[in-house]
Every structure is written in structure tokens, then in C-alpha cells.
Amino acid sequence: MAQSPYCQRVVLDRQPTLVGQLVKLRPLQTPDFGALYAIASDPLMWEQHPSKDRTQQPVFRKWFDRALASGGALVATDHHGQTIGTSRFDHYDPEASEVEIGWTFLARSYWGGTYNGEVKRLMLSHAFGAVETVVFRVHSRNLRSQRAVEKLGAIRTGVEIDPDGRGENVIFRLSAPAG
């Protein structure tokens with residue numbers, strides 16, 4: 001389908017600064033490593049995740065460096081400016097009009113849905129300014145994250161083999177609101 005020359009597609013800014021009632025999201029930077037590693041070093045963080053070794057600093061360093069290199073990683077801070085976690089926009093496909101949101105973790109003291117819900121709502125609102133569909137890939141054993149994605153209204157659309165060879169991921173999709 002040819003696009004009208006008068007209608008230009010909006011390009012998704014994958015590292016915006018987004019501000020909500022509880023959370024501020026801003027681009028991930030190198031100095032954020034220490035605060036995020038302090039959160040990630042909690043073994044309960046990875047209880048339902050296949051990468052339980054992310055509590056080890058060298059393993060988390062590789063994860064952090066990939067997050068920086070992705071060009072879509074964000075840091076979440078609370079209203080006091082304290083780092084509480086991270087999330088990411090990735091696999092942006094302007095032709096398919098979709099982006100993936102994931103790689104999210106928050107300090108345990110912020111678990112329970114309120115903060116994660118706001119992180120995701122801020123990211124979804126931003127994404128839907130440029131794409132029609134947001135994709136979530138959640139490991140099949142991570143039931144907590146699957147429930148959180150379903151609470152957002154995302155629909156389970158399939159299963160795939162995890163590219164890292166750690167079992168299966170459940171694929172969820174959420175379409176932009178009509179209107």
C-alpha cells in the first residue's frame with residue numbers, strides 16, 4: 001500500500017524521557033550500572049526467570065552492556081529520584097508498525113503492580129504514538145510477568161523457542177487503542 005506524500009510516518013524515539021505520577025523513565029546511561037546491579041543482585045528477582053546467574057556481577061555486566069547497546073533501554077526512578085528498575089524498547093520494526101517492550105525488572109519493594117503498571121502504561125502510550133502493535137515475549141516459567149502483561153490487555157498469540165536456548169517464550173500482542 002502506497003503511503004500518501006502528505007502523511008508522514010512518525011519514527012519511534014526509543015529513549016524518551018517519560019514522566020508519570022509515580023515513575024520517571026529516562027535513557028539508560030553507563031553510571032546507572034551500580035544502582036541497577038544492586039537491584040539485580042537479589043536472587044528473588046530472577047526466581048521465575050531462566051537467567052538466575054544475573055545476580056553475578058560479570059553476568060549482569062554483559063546484560064547491562066547489551067541494554068546500553070540496544071539504544072532503547074530506560075531507567076525507572078521513583079518520585080525521590082531513586083533508581084528502582086529498568087525496561088526497554090527493542091526490535092522496532094517501522095514497516096510492520098511494531099515494537100517490543102520487555103527486559104523489565106523493578107526492585108522487590110516496588111513489586112505489586114502499581115509501579116510496573118505505570119512503567120508499562122507510559123511506554124505503551126509513547127509507543128502507540130508511532131506503532132500499531134506492541135509485542136511482549138515472556139519466558140514460559142515467568143508466570144508473574146505473564147499475568148502483568150495480561151493485565152495490560154495483551155493477548156497471548158503464540159509460543160517460540162527462546163533464542164538463548166532456555167526453553168520457550170510466550171508471545172503477547174497489544175494493539176493500539178482505536179480512535
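Novice: Residue-level account of the pairing of strand 5 (residues 98–106), with values.
Specialist: A regular strand places its side chains on the two faces of the sheet in alternate fashion. In terms of residue burial, strand 5 counts as a mostly covered element, since seven of its nine residues are buried. Bridging between strand 4 (residues 83–93) and strand 5 involves six bridges; their strand directions are antiparallel. By the bridge assignment for strand 5, Phe89 is matched with Ile101. Here strand 4 hands over to strand 5 after four residues, with Ser97 in that stretch at a positive phi of 55°. Here strand 5 runs beside strand 6 (residues 133–139); their pairing, made up of three bridges, is parallel. When the sheet's bridge partners are listed, Glu98 is paired in strand 6 with Thr133.

Novice: How would you sum up helix 1 (residues 33–40)? Please name residues and give values.
Specialist: Given 3.6 residues per turn, any residue in an α-helix points the same way as the ones three and four places further on. Every buried residue of helix 1 is accounted for by Phe33, Leu36, Tyr37, Ile39 and Ala40. For helix 1, the arc enclosing every buried residue in end-on projection is 155°, short of the 170-degree limit, so these residues lie on one face.

Novice: Tell me about the packing of aromatic side chains, and name the residues and values.
Specialist: In total, this model carries nine aromatic pairs according to the counting rule given. Judged by centre distance (5.9 Å) and plane angle (0°), the ring pair of Phe33 and Tyr37 falls under stacked. A residue pair is termed a helical-turn pair when its members lie 3 or 4 positions apart in one helix, as Phe33 and Tyr37 do in helix 1 at four residues. The pair formed by Phe33 and Tyr37 is uniform in burial state, with each residue classed as buried. When the ring of Tyr110 is compared with that of Tyr115, the centres are 4.8 Å apart and the planes differ by 85°; the resulting orientation is edge-to-face. A residue is classified by how much of its surface remains accessible, and Tyr115, at 18% relative accessible area, is buried. Members of the aromatic cluster, joined through ring pairs, are Phe33, Tyr37, Phe60, Trp63, Phe64 and Phe105. The aromatic ring of Phe33 is capped on one face by Arg61, whose charged end is 3.7 Å from the ring centroid. The ring of Trp63 is capped by Arg88, whose NZ or CZ atom sits 5.6 Å from the centre of that ring.

The rules behind these values
- Per chain, residues are indexed from 1 in the order of the written sequence.
- Note on the predicted model: pLDDT of at least 70 is required for a residue's local features to be given, and 80 or more for side-chain atom pairs to be given and counted; whole-chain, interface and lining totals, by contrast, use all residues.
- Computation of side-chain values: all heavy atoms of the structure, hydrogens and water removed.
- Think of it in three bands: with a 1.4 Å probe and only protein chains considered, a residue is buried below 20% of the maximum accessible area for its type, exposed above 50%, and partly exposed in between.
- For helices the rule is a DSSP run of H or I covering at least 4 residues; for strands it is a run of E covering at least 2, with both sets numbered from the N terminus onward.
- Each pair of strands is called paired provided DSSP finds at least two bridges between the two strands.
- As used here, the arc is the angular range of directions from the helix axis to the C-beta atoms.
- Think of it this way: a Phe, Tyr or Trp ring, Trp meaning its six-membered ring, pairs with another when their centres are within 6.5 Å, and the plane angle makes it stacked under 30 degrees, edge-to-face over 60, tilted otherwise.
- Here, a charge over a ring means that NZ of Lys or CZ of Arg falls within 6 Å of the ring centre while also lying within 35 degrees of the ring normal.

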